[in-house]
Amino acid sequence: MPRNSSFIYLITVAGLLAGFAVLATLFGYISVDSWYYMLLAQALRHGQGCSLHGEYSAVYPCGYPAVLALTAPVASPAVMMISSKVTNLILLAASFWFILKASRHVFMAALVVLNPVTLIIGMYTWSENLWLFCFCGVVFALSWINADPRKWTPYFLLTGFLILGCSARYIFGPFAFLLFLCVWPAFGRQLALRVFPSFCIAGLVFIIWQVFNHELTGFATGMPRVPAPEAPLLLVRQFLIALGVNGLGVIVSAVLLTAISFRQLSRVRRGEGARPEALFITLAGLSFLILAFTLRLRTQFDPYNTRTIGYGIVLVVAGLVGLFVHIRKQAGMARPVILWPVLAMCAAALFSLAYADNGALVQSITDSFDDFQFPPASLAMLKSAGPPADTVVYFQLPVPGMDSANVDNIGEIYYGPDVTLLTPTQGEDGLPESPAALLHQLDGLADQRCYFDFTPFATAADFQTYLASSTLIDRRLIKGSWQAVERSDLEPHMRTWLAAVFQPGRLIPCRAILDRPQSRQVLFSSHTG
């Protein structure tokens, strides 16, 4: 592939990614996890290490927050909301470049980033963007080693990308082991033996890090991992639905990228081949899907969705494109050969704009003409107007008044970073909290600035909706029809007690709650029991 054409492709992809970065900045795309990444980045910038509330935190790996901290001009949340989008733009553009240089396959490289899955993830301040960057870096390093095994630089790069990937998301640790298994069939036995030390070093670093986390937090990943409550068949059904919805978007993007340039395509045997890299990417995608499916089948965390399995689909489809289609060899830089792939990239990006997130991005653009608030300039809308507090028992946060923006809120932003936050939905063991355990926890805090925040609930009916929240765990055929089986998010005694002490729309001191007869009865029963 001529060098000039590669540069033009990079400029095109970077320009399209920049358009999505601008949209992400205008409409927020800040989730709960996004806030925690930025809070960790702030802590790193302030010399506090990987910490939340002044204590070491391992729930969110610190690789991505470290990248945010390095690329943000200042550590304020408003600035970081913007700079994080630029960071994602750089990571995704580099991912494209790595695959393009490794494979010389513009369509495979473009499909890795120009599809609804990658683009919607890229709009959020999420660590998956660093995960993809590291994976593409691994492909680049392996391709370099395959071409010139005598140089040491690609081996160092490979080791670095593997370690950085493990620091981006915990799933990259076991995924790296699967990647090594994919090296042999894709690149051959000899290369697999050459890169074995790199994978061993990365694996050793990952294990040491897990041990370190366990010593400081009691858990290898900073939090208890409870078994998945859902029935296996329900999870299989949800996995297949997520596979179909996300797979359709990626496949349509692949069709657009290749069909628009069909005159320049050929079978790999008659064009420039990218078989080792393409086969490796395909096998890696399949391995990731199997890993993500298995982990969620055993452990409770995010459901099967774009974020949890999307990249696996992207890698499989992109790898298959690399295996079976390619641009014909051309002498020099022929304009039609450049023009059609560029147009195809634009078409894939426009389709992704309409398809991603079930069309929510297009709806946000439409809504912004009537009412628009620039999220970084509207952070005051996310903060509580209540009195200063040391401890707050909260239930749910008010919906931010940014109608056209996609911005979630978290307690650390709403109440302040120095406030101790308690919730009745989950105890330290990851199981639903009991009223006795919560009251015992509050007993020594009640005389401080401690409150129960019922302000989000204007009526008892609103609070009952919260109390009745549940999680779908199965679908069973009962009396000839499929019926949902759900598990309450709250412990039964907790629901009864909260309903008894609830006061609509008010911020109640903890001492007043503890002095209620219902609370005294709970404490008395726990002591006598």
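Everything discussed here concerns the structure shown above.
Below or above, wherever it landed, is the structure these notes cover. (Residues numbered from 1 in each chain as written. Predicted model: local features only at pLDDT ≥ 70, side-chain atom pairs only at ≥ 80, totals over all residues. Heavy atoms only, no water.)

Regarding the sheet that holds strand S9 (residues 450–453)
The four strands are arranged S8-S6-S9-S12 in an open sheet whose pairing can be described as mixed. Two strands lie at the open edges of the sheet, namely strand S8 (420–422) and strand S12 (507–509), each paired on one side alone. Across this sheet, the average inter-strand angle for adjacent strands is 25°, counted without regard to direction. The pairing of strand S6 (residues 391–394) with S8 spans three bridges and is parallel. Bridge pairing in S8 places Thr-391 opposite Thr-420. (Pairing = 2+ DSSP bridges. Helix = DSSP H or I, 4+ residues; strand = E, 2+ residues; numbered from the N terminus. Axes fitted to C-alpha atoms, helices over the stretch in contact; angles between N-to-C directions.)

Section: helix H8 (residues 153–168)
Over its 16 residues, H8 extends 22 Å from the first C-alpha to the last, a length consistent with the 22 Å expected when each residue adds 1.5 Å. Looking at H8, one finds that the buried residues are Pro-154, Tyr-155, Leu-158, Thr-159, Phe-161, Leu-162, Gly-165, Cys-166, Ser-167 and Ala-168. On its buried side, H8 packs onto helix H3 (63–71), helix H4 (77–103), helix H7 (128–147), helix H9 (172–187) and helix H10 (189–217). (Expected span 1.5 Å × (residues − 1). Buried < 20%, exposed > 50% of the residue type's maximum accessible area, 1.4 Å probe, protein only. Contact = heavy atoms within 4.5 Å.)

Observations concerning empty space enclosed by the protein
It is the rolling of a water-molecule-sized probe over the atoms that shows where space remains empty. Evaluation of the coordinates by the stated rule reveals one cavity of 30 Å³ or more. In this model, the largest cavity occupies a volume close to 80 Å³. Every residue lining the largest cavity is listed: Leu-17, Phe-20, Ala-21, Ala-24, Lys-85, Asn-88, Leu-89, Leu-92, Leu-119, Gly-122 and Met-123. Going through the elements one at a time, helix H1 (3–27), H4 and helix H6 (116–123) are the ones with two or more residues in the lining of the largest cavity. Taken together, the residues of the lining of the largest cavity sort by class into eight nonpolar, two polar and one charged. (1 Å grid on protein atoms, 1.4 Å probe; cavity = no way out; pocket = protein on both sides within 12 Å on 5 of 7 lines; lining within 4 Å. Points joined across faces, edges and corners; volume = space filled by probe spheres on them. Nonpolar A, V, L, I, M, F, W, Y, C, P; charged D, E, K, R; others polar.)

Concerning the state of the cysteines
Scanning the model with the defined rule gives two disulfides in all. Across a sulfur-sulfur distance of 1.8 Å, Cys-50 and Cys-62 are joined as a disulfide pair. An S-S torsion of about 105° defines the bridge between Cys-50 and Cys-62 as right-handed. Taken together, the residues span a long stretch of sequence, with Cys-50 in the loop between helix H2 (32–45) and strand S2 (51–52) and Cys-62 in the loop between strand S3 (55–56) and H3 at a distance of 12 residues. Look at Cys-50 and you get buried, because its relative accessible area is 13%. According to the relative accessible area criterion, Cys-62 is buried, its value standing at 17%. (Disulfide = S-S within 2.5 Å.)

Examining the layout of surface pockets
By volume, the second largest pocket is sized at about 580 Å³. Residue lining of the second largest pocket: 30 residues in total, with Glu-412, Ile-413, Gly-416, Pro-417 and Asp-418 positioned closest to the centre. Those elements that place two or more of their residues in the lining of the second largest pocket are H2, S2, helix H16 (411–414) and S9. The residue makeup of the lining of the second largest pocket, split by class, is 16 nonpolar, 10 polar and four charged.

A closer look at a nonpolar patch on the surface
On the surface, a cluster of nonpolar side chains totalling about 260 Å² of accessible area is made up of Leu-339, Trp-340 and Leu-343. The partly exposed category is assigned to Leu-343, whose relative accessible area is 38%. (Patch = residues over 30% accessible without salt bridge, like charges linked within 9 Å, V, L, I, M, F, W, Y side chains within 5 Å. Areas by Shrake-Rupley, 256 points an atom, 1.4 Å probe, with all protein chains shown as cover. Salt bridge = Lys/Arg side-chain N within 4 Å of Asp/Glu carboxyl O.)

Overview of the pairing of S9
Neither face of S9 is open: one carries Cys-450 and Phe-452, the other Tyr-451 and Asp-453, and all of them are buried. In the sheet, S9 pairs with S12 via three bridges, with the strands oriented antiparallel. By the bridge assignment, Phe-452 is partnered in S12 with Ile-508.

Re the packing of helix H5 (residues 106–113) against helix H11 (residues 232–259)
Each pair of packed helices gets described by two things: the angle between the helix axes and the distance between those axes. Two elements in contact, H5 and H11, have axes separated by 10 Å at closest approach and are oriented at 145°. H5 and H11 meet at a crossing whose hand is right-handed. Residues Phe-107, Ala-110 and Leu-111 of H5 form the contact with H11, whose own contacting residues are Val-250, Ser-253, Ala-254 and Leu-257. Residue composition of the contact of H5 with H11, grouped by class: six nonpolar, one polar and no charged. (Left-handed = near helix turned anticlockwise from the far one by under 90°.)

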